[in-house]
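Structural description and commentary
If you want the building blocks of each chain, they are given just below.
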Number of protein chains: 2
Amino acid sequence: MAEVQRHYRIGEFAKLVGLSTYTLRYYEDQGLVKSQRDENGVRYYTDEDIRWVGFILHLKGTGMRLNDLKRYVKLRAKGDATIPERRAMLQKTKDDAEADIAELQMHLQVLSRKIDWYDGKVDQTIADSESFHDYLQRFNDK
Amino acid sequence: MAEVQRHYRIGEFAKLVGLSTYTLRYYEDQGLVKSQRDENGVRYYTDEDIRWVGFILHLKGTGMRLNDLKRYVKLRAKGDATIPERRAMLQKTKDDAEADIAELQMHLQVLSRKIDWYDGKVDQTIADSESFHDYLQRFNDK
DNA sequence: AAACACCTTTGAGTGCACTTTAAGTCAACC
DNA sequence: GGTTGACTTAAAGTGCACTCAAAGGTGTTT
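Residues numbered from 1 in each chain as written. Chains lettered and ligands numbered in written order. Predicted model: local features only at pLDDT ≥ 70, side-chain atom pairs only at ≥ 80, totals over all residues. Heavy atoms only, no water.

- Going by the annotation in an unreviewed UniProt entry, the name recorded for chain A is Transcriptional regulator, with Levilactobacillus parabrevis ATCC 53295 given as the source organism.

Shown next, in the form of structure tokens:
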């Protein structure tokens, strides 16, 4: 636990977090990630940066946009007074993501039914499929 | 059921299916949707078209790309011999969507715990995963 | 007659999140 | 001493899925 902080240069760090060096510099431009510099002006990152990037990738993974991410980072920099606002952002992101999942699952259900129909597992959709078949004839002409 | 087929012109149809007239014409260019024409060359759509657009929107909703959708439609036009391939496409789309959901839920879990942490509820959840808790502690804003 | 909704083709614009290129410098490693 | 990997800024390119504009046309409704 009491080890000397490891330093990672951008190439190594990129591999560790699963982003490209381009993206990392882009994120830095955007104010999402910070780096430190050595005496030659070369970026380096620490284990804390790995955790931070991991966290923002979780937020991104739930559908948060870069603009919101920027806002979140700015709020964080302002201190504890912004916690309620940050909490609200996360809550909204969560709610949105859950709505997305629910919608996705609804679409998936239709897809599953269609697959079942292909497998001949569905009998009550004959009427549906016949008109659908008729419909598709229109695509045959040209 | 033996009613005269209703005809919808593009504006009305667009509202019914929730797409813009631009998008509808774009989809037609791409071969995803077909329309019929009256004696003046004006597009019209039927109830069957509503169902068809509904279906492709379900496929889109599960993450299928327009290119794949185009491929699907072309296969469909080729007849029953392409059913295995179409089935496989749907299966892959389904598997991908399910993987997306799983990933999303993983990210959501991190988000949820962060919200709990903002709420000071974290003490109660130490029990289930100490290392996960430690992991999340790293994100404690300071 | 004006307003409106539709038609055509072609091409440009939008938004997001990168991704790459250019052109030049610098320093470490083999 | 050449390759590698880093640095800089600014700009252009990519991919997807639209979205809109231009410019001129037809037909139907008020």
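1. Some thoughts on the sheet that holds strand 3 (residues 43-45) of chain A
Residue and element names in this part refer to chain A.
- Pairing within the open sheet is antiparallel, and its three strands lie in the order 1-3-2. Each edge of the sheet is formed by a strand with only one pairing partner; in this case those strands are strand 1 (8-9) and strand 2 (36-37).
- Direction of pairing for strand 1 relative to strand 3: antiparallel, over a ladder of two bridges. Paired with tyrosine 8 across the two strands is tyrosine 45, which belongs to strand 3. (Pairing = 2+ DSSP bridges. Helix = DSSP H or I, 4+ residues; strand = E, 2+ residues; numbered from the N terminus.)

2. A few points about the protein's contact with DNA strand C
- The immediate surroundings of DNA strand C are formed by 17 residues, with Tyr22 and Tyr27 of chain A together with Gly11, Arg25 and Arg43 of chain B found nearest.
- Among the atoms of DNA strand C lying within 4 Å of the protein, the sugar-phosphate backbone contributes 87%.
- For DNA strand C, a phosphate oxygen lies 2.4 Å from a polar atom in the side chain of tyrosine 27 of chain A.
- A distance of 2.7 Å is found between a phosphate oxygen of DNA strand C and a side-chain nitrogen or oxygen belonging to arginine 43 of chain B.
- If you list the elements that add at least two residues to the surface near DNA strand C, you get helix 2 (21-29) of chain A together with helix 1 (10-17) of chain B.
- With four residues, the single largest contributor to the surface near DNA strand C is helix 2 of chain A.
- Its residues placed into classes, the surface near DNA strand C shows six nonpolar, five polar and six charged. (Near = heavy atom within 4 Å. Polar contact = N/O pair within 3.5 Å; in protein donor to acceptor, adjacent residues only side chain to side chain. Nonpolar A, V, L, I, M, F, W, Y, C, P; charged D, E, K, R; others polar.)

3. Describing the interface of chain A and chain B
- Taken together, the contact pairs 43 residues of chain A with 45 residues of chain B.
- Between chain A and chain B, a total of about 4,500 Å² is buried, with carbon and sulfur atoms accounting for 69% of that surface.
- Aspartate 119 of chain B is the partner of arginine 87 of chain A in a salt bridge, and the nearest nitrogen-oxygen pair spans 2.4 Å.
- Summed over the shared surface of chain A and chain B, the number is seven residue pairs in polar contact (both at pLDDT 80 or more).
- Only helix 3 (47-61), helix 4 (66-78), helix 5 (83-118) and helix 6 (126-137) of chain A provide two or more residues apiece to the side of chain A that touches chain B.
- A total of 21 residues in the side of chain A that touches chain B trace back to one element, the largest contributor, which is helix 5 of chain A.
- A breakdown of the residues in the side of chain A that touches chain B according to their chemical character gives 21 nonpolar, eleven polar and eleven charged. (Contact = heavy atoms within 4.5 Å. Buried area = accessible area lost by both parts, 1.4 Å probe. Salt bridge = Lys/Arg side-chain N within 4 Å of Asp/Glu carboxyl O.)

4. Thoughts on the protein's contact with DNA strand D
- The local shell around DNA strand D holds 16 residues, among which Gly11, Arg25, Arg37 and Arg43 of chain A together with Tyr27 of chain B are the closest.
- Sugar and phosphate atoms constitute 90% of the interface atoms of DNA strand D, taking the interface as everything within 4 Å of the protein.
- At a separation of 2.8 Å, a phosphate oxygen of DNA strand D approaches a polar side-chain atom of arginine 37 of chain A.
- Between DNA strand D and threonine 23 of chain B there is a distance of 3.4 Å, counted from a phosphate oxygen to a side-chain nitrogen or oxygen.
- Of all elements in the fold, only helix 1 (10-17) of chain A together with helix 2 (21-29) of chain B reach the threshold of two or more residues within the surface near DNA strand D.
- Here the surface near DNA strand D takes four residues from helix 2 of chain B, the largest share from any one element.
- When the residues that make up the surface near DNA strand D are grouped by side-chain class, the tally is six nonpolar, four polar and six charged.

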